[in-house]
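Chain by chain, the residues run as shown.
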Amino acid sequence: MKTPRTVFVALLACAALAACAGPGAEPASSGSTGGPVSSTPSPDPSTTPSDPTAPTGPAPTSPGAATLTGTVQAGVEPNCLLLDGNLLVGGPRDVLKAGARVTVTGHPQPDLMTTCQQGTPFVVESAKPA
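Computed from a predicted structure; not experimentally measured.

This brings us to the environment of Gly91. Its place among the elements puts Gly91 in the loop between strand E4 (86-89) and strand E5 (101-108). Distance in space between the C-alpha atoms of Gly91 and Val123 is 7.9 Å, their sequence separation being 32 residues. Once residues within four sequence positions are removed from consideration, Gly91 is found in contact with Leu96 and Val124.

Here it is in structure tokens:
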């Protein structure tokens, strides 16, 4: 009598675990190196000006872009920078430093996975001192 009950409990547990995965869930990659993951595309060398001091004009912005102005704060994890509750992802690190007052343009990407434990990821498209 105890065997059918054990099998039922085991099947129920398997069904519950399968439901947790949900549709569209992807299994973890077994080939991961454990290093940092970056989704920020590297600049296209054909569009990067050869003279860094030359004016580049207004930065191109994507649809839905937002502009934030404020003082950059250091996060709890190394190399994590926050601005008004947003985690700054990418951008020029010579401009984006803890304590600097800046204006950044970009877009929030809340589904982006990071190693920082704070803020909503905000992908920086351009940054300048404020």
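On the secondary structure map, Val124 appears in strand E6 (residues 120-129). In this structure Val124 comes out as buried when scored by relative accessible area, which is 7%. Residues in contact with Val124, not counting those within four places in the same chain, are Leu88, Val89, Gly90, Gly91, Leu96, Val104, Thr105 and Gly106.

Strand order in the open sheet formed by 6 strands is E1-E5-E6-E4-E3-E2, and the pairing between neighbours is mixed. The sheet is open, and its two borders are formed by strand E1 (66-71) and strand E2 (73-74), each paired with just one other strand. Pairing between E1 and E5: 6 bridges, direction antiparallel. Within the sheet, the bridge partner assigned to Thr69 lies in E5 and is Thr103.

Next up on the list: unusual backbone geometry. A positive phi angle, near 65°, is found at Asn79, a position not held by glycine. Phi is positive for Asp84, which is not a glycine, with a value near 50°.

Across all of its chains, the model carries 1 disulfide by this definition. With a sulfur-sulfur separation of 1.8 Å, Cys80 is cross-linked through a disulfide to Cys116. Disulfide Cys80-Cys116: the torsion about the S-S bond is -85°, which places it as left-handed. Highlighted residues: Cys80 in the loop between E2 and strand E3 (81-83) and Cys116 in the loop between E5 and E6, separated in sequence by 36 residues. Cys116 matches Cys80 in its accessibility class, with the two residues each being buried.

Thresholds applied
- Residues numbered from 1 in each chain as written.
- Predicted model: local features only at pLDDT ≥ 70, side-chain atom pairs only at ≥ 80, totals over all residues.
- Heavy atoms only, no water.
- Helix = DSSP H or I, 4+ residues; strand = E, 2+ residues; numbered from the N terminus.
- Contact = heavy atoms within 4.5 Å.
- Buried < 20%, exposed > 50% of the residue type's maximum accessible area, 1.4 Å probe, protein only.
- Pairing = 2+ DSSP bridges.
- Disulfide = S-S within 2.5 Å.

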